[in-house]
Amino acid sequence: GGALFPTVKMVIKVFVATSSGSIAIRKKQQEVVGFLEANKIDFKELDIAGDEDNRKWMRENVPGEKKPQNGIPLPPQIFNEEQYCGDFDSFFSAKEENIIYSFLGLAPPPGSK
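Reference entry: report on the structure contained in this document. Treat the numbers as computed from the prediction; the structure is a model and nothing was measured.

**What about the sheet that holds strand 1 (residues 12-16)?**
Thought 1: Taken in spatial order, the four strands make up an open sheet running 2-1-3-4, and their pairing is mixed. Each edge of the open sheet is held by one strand with a lone partner, namely strand 2 (43-47) and strand 4 (83-87). Adjacent strand axes in the sheet meet at a mean angle of 25°, parallel and antiparallel pairs treated alike.
Thought 2: As paired strands, strand 3 (residues 77-80) and strand 4 are joined by four bridges and run antiparallel to one another. When the bridges of strand 4 are listed, Asn80 appears paired with Gln83.
Thought 3: This element, helix 2 (residues 52-61), spans strand 1, strand 2, strand 3 and strand 4 of the sheet and lies at about 80° to strand 3.
Thought 4: Each of strand 3 and strand 4 touches helix 3 (residues 88-96); the most contacted strand, strand 4, lies at about 85° to it.

**Section: the nonpolar core**
Thought 1: Membership of the largest hydrophobic core comes to 19 residues, with the highest contact counts inside it found for Ile12, Leu36 and Leu104.
Thought 2: If we skip the residues at most four places from it in the chain, Leu36 touches Ile12, Val14, Ile41, Phe43 and Leu104.
Thought 3: Of all hydrophobic cores here, the second largest spans eight residues; its members include Leu46, Ile48, Met58 and Phe79.

**Some words on the side chain of Gln77**
Thought 1: Relative to the helices and strands, Gln77 resides in strand 3.
Thought 2: For Gln77, a relative accessible area of 3% gives the class buried.
Thought 3: For Gln77, the side chain forms a polar contact with the side chain of Tyr84, separated by 2.6 Å.
Thought 4: Excluding its chain neighbours within four sequence positions, the residues that come into contact with Gln77 are Lys13, Val14, Phe15, Met58, Val62, Tyr84, Gly86 and Asp87.

**Points about the side chain of Ser20**
Thought 1: One can find Ser20 in the loop between strand 1 and helix 1 (23-38).
Thought 2: Residue Ser20 is classed as buried on the basis of its relative accessible area of 12%.

**Considering helix 3**
Thought 1: When helix 3 is considered as a whole, its buried residues turn out to be Phe88, Phe91 and Ala94. When helix 3 is viewed along its axis, its buried side chains cluster within an angular range of 125° and face the same direction. Away from its buried face by more than 90 degrees, helix 3 exposes Asp89 and Glu96.
Thought 2: Taken together, the buried residues of helix 3 touch helix 1, strand 3, strand 4 and helix 4 (100-104).
Thought 3: The backbone nitrogen of Asp89 lies 3.3 Å from a side-chain oxygen of the residue at the head of helix 3, namely Asp87.
Thought 4: Phi turns positive, to about 60°, at Asn98, one or two residues after helix 3.

**Concerning the pairing of strand 2**
Thought 1: Bridge count for strand 1 against strand 2 is five bridges, and the pairing is parallel. Bridged to Val14 within strand 2 is Glu45.
Thought 2: Taken together, strand 1, helix 1 and strand 2 form a β-α-β motif whose crossover is right-handed.

Cut-off values and rules
- Every chain is numbered on its own, with residues counted from 1 as its sequence reads.
- pLDDT decides what is reported in this predicted model: residues at 70 or higher carry local features, side-chain atom pairs at 80 or more are listed and counted, and totals for whole chains, interfaces and linings draw on all residues regardless.
- Just so you know, side-chain values use all the structure's heavy atoms and leave hydrogens and water out.
- What makes two strands pair is DSSP finding at least two bridges between them.
- For the purposes of this entry, the term helix denotes a DSSP run of H or I that reaches at least four residues, the term strand denotes a run of E that reaches at least two, and both are numbered from the N terminus.
- Geometry is summarised by axes, namely lines fitted to C-alpha atoms with helices restricted to the contacting stretch, and by angles between N-to-C directions that run from 0 to 180 degrees.
- In this analysis, two residues are considered to be in contact whenever any of their non-hydrogen atoms come within 4.5 Å of each other.
- Here, nonpolar core means buried Ala, Val, Leu, Ile, Met, Phe, Trp, Tyr and Cys residues that are tied together by side-chain atoms lying within 4.5 Å of each other.
- Accessible area is worked out with a 1.4 Å probe on protein chains only. A residue is then buried under 20% of its type maximum, exposed over 50%, and partly exposed in between.
- Polar contacts, as counted here, are pairs of nitrogen or oxygen atoms within 3.5 Å of one another; within protein the pair requires one atom able to donate a hydrogen and one able to accept it, and residues that are adjacent in sequence qualify only if both atoms are side-chain atoms.
- Throughout, the arc means the angular range of directions from the helix axis out to the C-beta atoms.
- When the strands point away from the viewer and the connection leading from the first strand across the helix to the second strand turns clockwise, the crossover is called right-handed.

What follows is the structure, given as structure tokens:
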């Protein structure tokens, strides 16, 4: 049986707020981006601060149960194409448990989990 899906390069999207006044948010964004870069995982950084389309898309695509009380998910939010992966907390847990590739919906590179 051949693969049903052609091997498309999935793009990880990290929604960030470049002009965030929150140091906590900036640190989280840097941690996600730094980790992806260090592990040579392809990703696109999408700014929600300066881009209304990005902000709308992110808000509409974060699943309801993952949204905070006020309904506005805070960056960083991580997607694999259209598929929601998670926020910083779930990213951090996945990293601690060494399951970051399945968290991101990616095939792990040879020799890793």
